[in-house]
Amino acid sequence: MSPDSIRRALARRGSNLAATVVNETNRMVGSKTDAVQRADANRAFLHAVENPDEHVAPKTRRARRELLDHLLRADDGTTLFALTTGRTGWAGPSGVFGKALTLVEAAVDEGDLQYATQVVERLLDERPQSPRAHDLRGTLAAASGDWPAAKKDWRLALRRQSTDAEELRRTVEKRVRREKTLATLRAAVLRWSESLDARGLDEPTRSLVDDVLTIARSPRRGEELEAAVAALIVHSAIIDETAAVEPLLDAYAAMQRRKQPQSEPDWLTSVAEEASGLADDGDFAAAATALEKAATTPGALRINQFLLMWARMLSATSRYGAAHAVLGLVTAPSEDVAQAQFHRARTAWITHRYADGEVAAQAALDADPERRAAAKMLEQIRSAAESRSSADPADLAGSVAHVAYYPGASGNFGDIALPVAVRAAIDTATTPVSWRPYHAHQVVDDVTVEQFNAQRAVVVGGGGLFLPDTSPNGSSGWQWNVDNDHLDRITAPIALFSVGYNLFPGQTFKGSLFQDSIVKVTEKAVFLGLRNHGSIDRVRSFLPDSLRDKVRYVPCPTTIMSRIHTVDVPAAPRSGRVLLNAAFDRSSRRFGESYRDFLQEMVRLVDGVRASGAEIAYAAHLASDERLVNDLRKSFDRELPVERLYNKPMDESLATYRDASLVIGMRGHATMIPFGLGTPVLSIISHPKMRYFLDDIDRPAWGFDANAPDLGEQLLESTLDVLAREDEVRREVLDLQERLVEPVFSAARSLLA
């Protein structure tokens, strides 16, 4: 039978090569054993390739067609005659074995695993030493869960590359571990695909999902699958739609926990510096964008420092679900896990997901039992959950919602005293009411709006809430975490009470978020009560002319504390004691490059006060305030006794200020609280708000620039003057207080009279 007649027969039969080979062989070669064996092998190979009973994907079909076409055309069309007569084996013609391997790879990539297994067995029958064929069979064995067989094939595939048996063993074991990890991810993707409802996905997300599912069909593309899943996670985090990919997040996180965290690469330093600089400047959206671009860098989701930083920026732009998801990718060491779980707990608290928050806070403590912030957060979450569940709108009639910053135990003493002072001022000016606390940093959601609307009014303040960076959010741009949609649905009367514009020099609100929010708040509010005229001027600049008259002067109630709150601690005899305070949040903005000079000026003050025979001690509103005490000890061998106001009952701390002869304070409330208690004050000014306050009471001479070259001398001179005429200055303070009472009480009556 000639080659031409064979081709004609194939055309009649529909190109069933295997059938043609067996039929024509029986007729032509008779009992020639070698030829029959080769023909049988050819038939088995061609049957495996053609396999009409096995449905295969388009890519596999194309590779099969190319192989068969090659067989028909090889060696000027004589190959098929040689195969039929058993004169040559199927792998003899040039390029056939390589194309057969390509066919198997295509089948593996398309998920046609049974078909690929049948063909690769024929390849290894023909060439038992083929590394590429063994590698493919190992991959197929791994896909079926037969890891011993996979390990054996991979060893055979690699044995030519290494003559060292131990090195070969380690290489194979490493691959087995890696492939098992990727197989787990692949299985998770395939399970996820079964329940995925893609109808609600936007086009970019759908495209990424399609990529993941296409790649997941192949057990040979594990590295690509990991990268594709990472890309989908990054995209989902950016658009804050992580719920649909939550099973993938869990699987990806589990895979990362089997690895060592990736060390910090060179690119991370520049990205971190850029993002930190933008965040320090209050531009959290731009900082998040910088990190989002870096998130697509291979390996970025394995770097704990990057994940922690990105999660903070996601939270700062109110993408709380995404932040929660990204924090779940943080792996060992335990201190990183504890930090991530703490931030997860705080994110859950912000969004009222208290059950999730409790789990995360406990996980932080499990990772680091000494992390006090996690223990405090766990307590805060439990308290908030109980408060929310007990606030039935039907029981809230007649009460007043009070939105403020509530620091909790051992928090900033000024922030502890401030909500008490606001309530006491309103109760004193009107009649005592029932108060319901709401933390300013928590999201105002539907439940919160319902509770607000069931109450008499919503009081927001006091304090420096007009600030972008203490607890940044993407809802309002300032410290009350309310978006305009929920704000618009509040029907109860709203008033901002003694709020401050708290930006440092050089700080600004970025974009239009703050202005949009403050305009909406002003439209809704009965009034905007700001605590100093400096804040009034700044806030009015954001408002249209039609709303500016709603802004009014409402001094901080702590400045009239003696008129509204009885300190339940007996007064101590006057001792000539001076209390000093400093603050270290945002140190670079407070001191610039001159902190060392500031320390030297404090030494001059301390030495001068002691030389006069007076006592000087330190009043700490926060544990971090004690840095000055530590630095004076270490650098200048000066000791200062410390009054830890944050660690005492509130009235005891108030009594500490009341009984001092003079308080020299840098913190705002280290001036306003003692002033409100009738104690003489001097201010170390590192923030405009203190200058604003002193201007309002016509005492600018009581303020001293923190960076003044002769600060110590100036403070000492004024200190000795106050101590010499303490009774006179106390009377002066009480007279000045009188100016502040009416604006506070009038605002309270206009809201709740």
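As a reminder, the structure under discussion sits directly above these lines.
Keep in mind it's a predicted model, so treat the numbers as computed, not measured. (Residues numbered from 1 in each chain as written. Predicted model: local features only at pLDDT ≥ 70, side-chain atom pairs only at ≥ 80, totals over all residues. Heavy atoms only, no water.)

With respect to the overall build of the protein chain
Step number 1: Looking only at helices and strands, the protein chain has 34 helices and 13 strands in total.
Step number 2: Relative to the compact-globule value of 27 Å for 753 residues, the protein chain shows a C-alpha radius of gyration of 38 Å, a clear excess of over 25%.
Step number 3: Along the first, second and third principal axes, the C-alpha atoms of the protein chain reach 130 × 60 × 40 Å.
Step number 4: Counting every position in the protein chain, which comprises 753 residues, the buried fraction comes to 55%.
Step number 5: Sequence-distant contacts, at least 24 apart, represent 70% of the contacts inside the protein chain between residues at least 6 apart.
Step number 6: When the accessible area of the protein chain is evaluated, it comes to approximately 32000 Å², of which 48% is carbon and sulfur surface.
Step number 7: The distance from the centre of the 92 positive side-chain charges to the centre of the 103 negative ones in the protein chain is 7 Å. (Helix = DSSP H or I, 4+ residues; strand = E, 2+ residues; numbered from the N terminus. Rg over C-alpha atoms; globule rule 2.2 N^0.38 Å. Buried < 20%, exposed > 50% of the residue type's maximum accessible area, 1.4 Å probe, protein only. Contact = heavy atoms within 4.5 Å. Areas by Shrake-Rupley, 256 points an atom, 1.4 Å probe, with all protein chains shown as cover. Lys, Arg positive; Asp, Glu negative; His and termini not counted. Charge placed at Lys NZ, Arg CZ, Asp CG, Glu CD.)

Looking at the nonpolar core
Step number 1: Counting 132 residues, the largest nonpolar core has Phe466 and Leu628 as its most contacted members.
Step number 2: Counting residues per element, this core draws most heavily on helix α34 (residues 726–752), which supplies 11 residues.
Step number 3: One finds Leu268, Ala288, Phe306 and Leu327 within the second-largest nonpolar core, a separate group that totals 56 residues. (Core = buried A, V, L, I, M, F, W, Y, C linked by side-chain atoms within 4.5 Å.)

Focus on the environment of Thr242
Step number 1: Counting through the fold element by element, Thr242 comes out in the loop between α12 (222–238) and α13 (246–257).
Step number 2: Residue classification places Thr242 among the buried residues on the basis of a relative accessible area of 12%.
Step number 3: The spacing of Thr242 and Asp146 is 96 residues in sequence and 34 Å in space, taken between C-alpha atoms.
Step number 4: Once residues lying within four places of it in the same chain are set aside, the contact partners of Thr242 are Ser236, Ala237, Leu249, Gly321, Ala322 and Ala325.

Notes on helix α20 (residues 372–390)
Step number 1: The end-to-end C-alpha distance of α20 is 27 Å, a good match for the 27 Å that 19 residues give at a rise of 1.5 Å each.
Step number 2: Burial in α20 covers these residues: Ala374, Met377, Leu378, Ile381, Ala384 and Arg388. Looking down the long axis of α20, one finds its buried residues gathered within 135 degrees of arc, a one-sided arrangement. Summarising the geometry of α20, the exposed residues directed more than 90 degrees from the buried face are Arg372, Glu379 and Glu386.
Step number 3: On its buried face, α20 is in contact with α18 (334–350), α19 (354–367) and α22 (446–453). (Expected span 1.5 Å × (residues − 1). Arc of directions from axis to C-beta.)

Some words on the pattern of salt bridges
Step number 1: One pass over the full model with this rule turns up 49 salt bridges.
Step number 2: Between Arg489 and Asp485 there is a salt bridge, and its shortest N-O distance comes to 3.3 Å.
Step number 3: Overall, Arg489 belongs to the partly exposed group, its relative accessible area being 36%.
Step number 4: Given the relative accessible area of 46%, Asp485 is considered partly exposed.
Step number 5: In this structure, Arg638 engages Asp607 in a salt bridge whose closest nitrogen and oxygen atoms are separated by 2.8 Å. Placement of the pair is Arg638 in the loop between α29 (627–636) and β10 (642–644) and Asp607 in helix α28 (residues 595–611), with a sequence separation of 31 residues. (Salt bridge = Lys/Arg side-chain N within 4 Å of Asp/Glu carboxyl O.)

Some remarks on unusual backbone geometry
Step number 1: That bond from Ala332 to Pro333 is cis: its omega, 20 degrees, falls within 30 degrees of zero.
Step number 2: For the bond from Gly461 to Gly462, the omega torsion is -5 degrees, close enough to zero to count as cis.
Step number 3: Summarising the element assignment, Gly462 is placed in the loop between β3 (457–460) and β4 (463–466).
Step number 4: For Asp240, which is not glycine, the phi torsion reads 55 degrees and is therefore positive.
Step number 5: Residue position: Asp240 is located in the loop between α12 and α13.
Step number 6: Among the residues examined, Asp240 registers a relative accessible area of 25% and is labelled partly exposed.
Step number 7: One non-glycine residue with positive phi stands out, namely Arg586, at about 55 degrees.
Step number 8: Mapped onto the secondary structure, Arg586 falls in the loop between β8 (577–580) and α27 (587–591).

Some thoughts on the sheet that holds strand β13 (residues 703–705)
Step number 1: Taken in spatial order, the 6 strands make up an open sheet running β10-β9-β8-β11-β12-β13, and their pairing is parallel. Among the strands making up the open sheet, the edge pair consists of β10 and β13. For this sheet the average axis-to-axis angle between neighbouring strands, irrespective of direction, equals 25 degrees.
Step number 2: Direction of pairing for strand β9 (residues 615–620) relative to β10: parallel, over a ladder of 3 bridges. Its bridge partner being in β10, Tyr618 is matched across the sheet by Val642. (Pairing = 2+ DSSP bridges. Axes fitted to C-alpha atoms, helices over the stretch in contact; angles between N-to-C directions.)

Here's the deal with the packing of helix α10 (residues 165–195) against α12
Geometry of a packed helix pair, given as the angle between the helix axes and the separation of the axes.
Step number 1: Between α10 and α12, the least distance of the axes is 10 Å, while the angle of their chain directions is 50 degrees. Taken as axis vectors, α10 and α12 run oblique relative to one another. For α10 against α12, the interelement crossing comes out left-handed. Along the contact surface, α10 presents Arg178, Leu182, Leu185, Arg186, Val189 and Trp192, while α12 presents Gly222, Glu223, Leu225, Glu226, Val229 and Leu232. (Parallel < 35°, antiparallel > 145°, perpendicular 65-115°, else oblique. Left-handed = near helix turned anticlockwise from the far one by under 90°.)

Some words on helix α7 (residues 113–126)
Step number 1: With 14 residues, α7 extends 20 Å between its outermost C-alpha atoms, agreeing within 8% with the 20 Å of an ideal straight helix rising 1.5 Å per residue.
Step number 2: Looking at α7, one finds that the buried residues are Tyr115, Ala116, Val119, Val120, Leu123 and Leu124. The buried residues of α7 occupy an angular sector of 160 degrees when the element is viewed end-on, so they sit on one face. Turned more than 90 degrees away from the buried face of α7, the exposed residues are Gln114 and Asp125.

Describing the packing of helix α3 (residues 33–50) against α7
Step number 1: Contact pair α3 / α7: the axes reach a minimum separation of 9 Å and the direction vectors enclose 160 degrees. Taken together, the axis directions place α3 and α7 in an arrangement best described as roughly antiparallel. You can see that α3 and α7 cross each other, and the crossing is left-handed. Only Tyr115, Gln118, Val119, Arg122 and Leu123 of α7 make contact with α3, whose side of the interface consists of Ala44, Phe45, Ala48 and Val49.
Step number 2: In terms of residue class, the contact of α3 with α7 is built from 7 nonpolar, 1 polar and 1 charged. (Nonpolar A, V, L, I, M, F, W, Y, C, P; charged D, E, K, R; others polar.)

Focus: the environment of Asp368
Step number 1: One can find Asp368 in the loop between α19 and α20.
Step number 2: On the accessibility criterion, Asp368 (22% relative accessible area) is partly exposed.
Step number 3: In this structure, the C-alpha to C-alpha distance between Asp368 and Pro432, residues 64 residues apart in sequence, is 44 Å.

Remarks on the pairing of strand β12 (residues 681–685)
Step number 1: Most of β12 sits inside the fold, with 5 of its 5 residues counted as buried.
Step number 2: Side-chain alternation along β12 places Val681, Ser683 and Ile685 on one buried face and Leu682 and Ile684 on a second face that is also buried.
Step number 3: Judged from the 3 bridges that link them, strand β11 (residues 662–665) and β12 form a sheet pairing that is parallel. Across the sheet, the residue bridging to Val663 is Val681, located in β12.
Step number 4: For the handedness criterion, the β-α-β arrangement of β11, helix α31 (residues 669–676) and β12 is classed as right-handed.
Step number 5: A crossover connection joins β12 to the parallel β13 through helix α32 (residues 688–696); in handedness this β-α-β unit is right-handed. (Right-handed = clockwise from strand over helix to strand, strands pointing away.)

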